[in-house]
Amino acid sequence: MSRAGGSNIRRMARASCNGVTRKGKRPAMIDYDEASKTYDHTRKHSDRLIERFASRVPFKSETAILDFGCGTGNYLDSIQRLYGCRCCGVEPSDGMRTIAHEKKNSLDIRKGDHRSVPFHDETFDFAFMTDVIHHVPELALMFSTLWRVLKIGALLCVVTESHAQIAARFYNRYFPSLVANERRRYPDVQQLVDTAAASGFRHEETEVLSASTQATITEQFLKNVEEKNYSMFRLLDEGEYATGLARLRSDIGKSFDVAGAGESLIWLRKRPLSGTK
């Protein structure tokens, strides 16, 4: 099943998706400080993603890494334990950052968002974001901000879902408006590549990680829906949410084919601006 990540339920503005979306529609207010109380029930790091990161970037003690929208620091905590890297993060939610610091105070996690990443120019050897991009209201500004803090030649990995992958989520059948809602929130892959290119990044590859062939409605997944640990459930009409949740409960243990679901890793490399060396 997709949605693997340790970054995100409060996102990139006061609550990231409290601003106007790309289609101009204002979504419901989400209290991400409140959401932080149950965030770690579902948002764990993914070993598979960390392995993909480490396959592209030499993780050493001197490697400076930024997790943009780091939530409660699950990825940073794991990377630091495994590789001893200098692990830093930015996160707008006070509640998320508090939990991250309680978890491991050696992590350098600061308040920030797409407008402000409070680190010096050319600080980082690698930056990544997991399940964050749909919370960012101004993509060009975000890429420009990240360009500033990355070293020349450094990699940025955007972990997201394509519109096709969103349509393949097994639980869409329980919530009729979910696919349309999510496609409005998520920029598709080509839009991200084009916007990044205009901000000084070269697209190296879009790596597709497929989900397992089947997904099962487990007690844990049901709990995540009940707690609305994924922001998409917090944006549903309450009637649709209640109806879908009741149907999920009645189908506990049922399995579905999830061909086409998964994640897309967009690999970008910072290039020097024209006219610079």
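The rules behind these values
- Residues numbered from 1 in each chain as written.
- Predicted model: local features only at pLDDT ≥ 70, side-chain atom pairs only at ≥ 80, totals over all residues.
- Heavy atoms only, no water.
- Core = buried A, V, L, I, M, F, W, Y, C linked by side-chain atoms within 4.5 Å.
- Buried < 20%, exposed > 50% of the residue type's maximum accessible area, 1.4 Å probe, protein only.
- Helix = DSSP H or I, 4+ residues; strand = E, 2+ residues; numbered from the N terminus.
- Arc of directions from axis to C-beta.
- Contact = heavy atoms within 4.5 Å.
- Polar contact = N/O pair within 3.5 Å; in protein donor to acceptor, adjacent residues only side chain to side chain.
- Pairing = 2+ DSSP bridges.
- Axes fitted to C-alpha atoms, helices over the stretch in contact; angles between N-to-C directions.
- Salt bridge = Lys/Arg side-chain N within 4 Å of Asp/Glu carboxyl O.

(A) Geometry of the nonpolar core. Core analysis: the biggest nonpolar cluster contains 30 residues, and Leu66, Phe68, Met129, Phe143, Leu156 and Val158 have the highest contact counts within it. Of all the elements in the fold, those that place two or more residues in this core are strand E1 (64-68), strand E2 (86-90), strand E4 (124-130), helix H5 (139-149), strand E5 (150-160), helix H8 (189-198) and strand E9 (262-270). Considering each element in turn, this core owes the most residues, 6 residues, to H5. Core analysis: the next-biggest nonpolar cluster, separate from the first, contains 23 residues, Ile79, Ala100, Phe128 and Leu155 among them.

(B) Highlighting helix H7 (residues 178-185). Considered for burial, the residues of H7 that qualify are Leu178, Asn181, Glu182 and Arg185. Seen from one end, H7 has its buried residues packed into an arc of 95°, which puts them on one side. Where H7 is buried, its residues contact helix H6 (163-167), helix H10 (231-234) and helix H11 (238-250).

(C) Looking closely at the environment of Asp108. On the secondary structure map, Asp108 appears in strand E3 (residues 108-110). For Asp108 and Cys88, which are 20 residues apart along the polypeptide, the C-alpha to C-alpha distance reads 4.6 Å. Every residue in contact with Asp108, bar those within four places of it in the chain, is listed here: Arg86, Cys87, Cys88, Gly89 and Phe119. A distance of 2.9 Å separates a polar atom in the side chain of Asp108 from a polar atom in the side chain of Arg110.

(D) Quick look at the sheet that holds strand E6 (residues 201-210). Across the sheet, which stays open at both edges, the 7 strands sit in the order E3-E2-E1-E4-E5-E9-E6 with mixed pairing between neighbours. Each edge of the open sheet is held by one strand with a lone partner, namely E3 and E6. In this sheet, adjacent strand axes meet at a mean angle of 20° when their direction is disregarded. Where E1 meets E4, 3 bridges bridge the pair, whose relative direction is parallel. When the bridges of E4 are listed, Ile65 appears paired with Phe126. Each of E4, E5, E6 and E9 is contacted by helix H2 (residues 47-56), which is oriented at about 145° to E6, the strand it contacts most.

(E) Representation of the side chain of Asp113 within the structure. By secondary structure assignment, the location of Asp113 is in the loop between E3 and E4. A relative accessible area of 9% means that Asp113 is categorised as buried. Reaching out from Asp113, the side chain makes a polar contact with the side chain of Arg115 at a distance of 2.4 Å.

(F) Molecular detail of unusual backbone geometry. Of note in this structure, Glu122 is not a glycine but carries a positive phi near 50°. A positive phi angle is found at Lys228, which is not glycine, with a value near 55°. Relative to the helices and strands, Lys228 resides in the loop between helix H9 (219-226) and H10. On the accessibility criterion, Lys228 (15% relative accessible area) is buried.

(G) Structural context of the pattern of salt bridges. Evaluated as defined, the whole model comprises 17 salt bridges. A salt bridge links Glu207 to Arg52, with the shortest nitrogen-to-oxygen separation between them at 2.6 Å. Here Arg52 lies in helix H2 and Glu207 lies in strand E6, a separation of 155 residues in the sequence. Owing to a relative accessible area of 10%, Glu207 belongs among the buried residues under this scheme. Here Asp121 and Arg148 are joined by a salt bridge, their closest N and O atoms 2.8 Å apart. You can see Asp121 sitting in the loop between E3 and E4 and its partner Arg148 sitting in helix H5, a full 27 residues away along the chain. Connected through shared salt-bridge partners, Arg52, Arg56, Glu205 and Glu207 make up one network.

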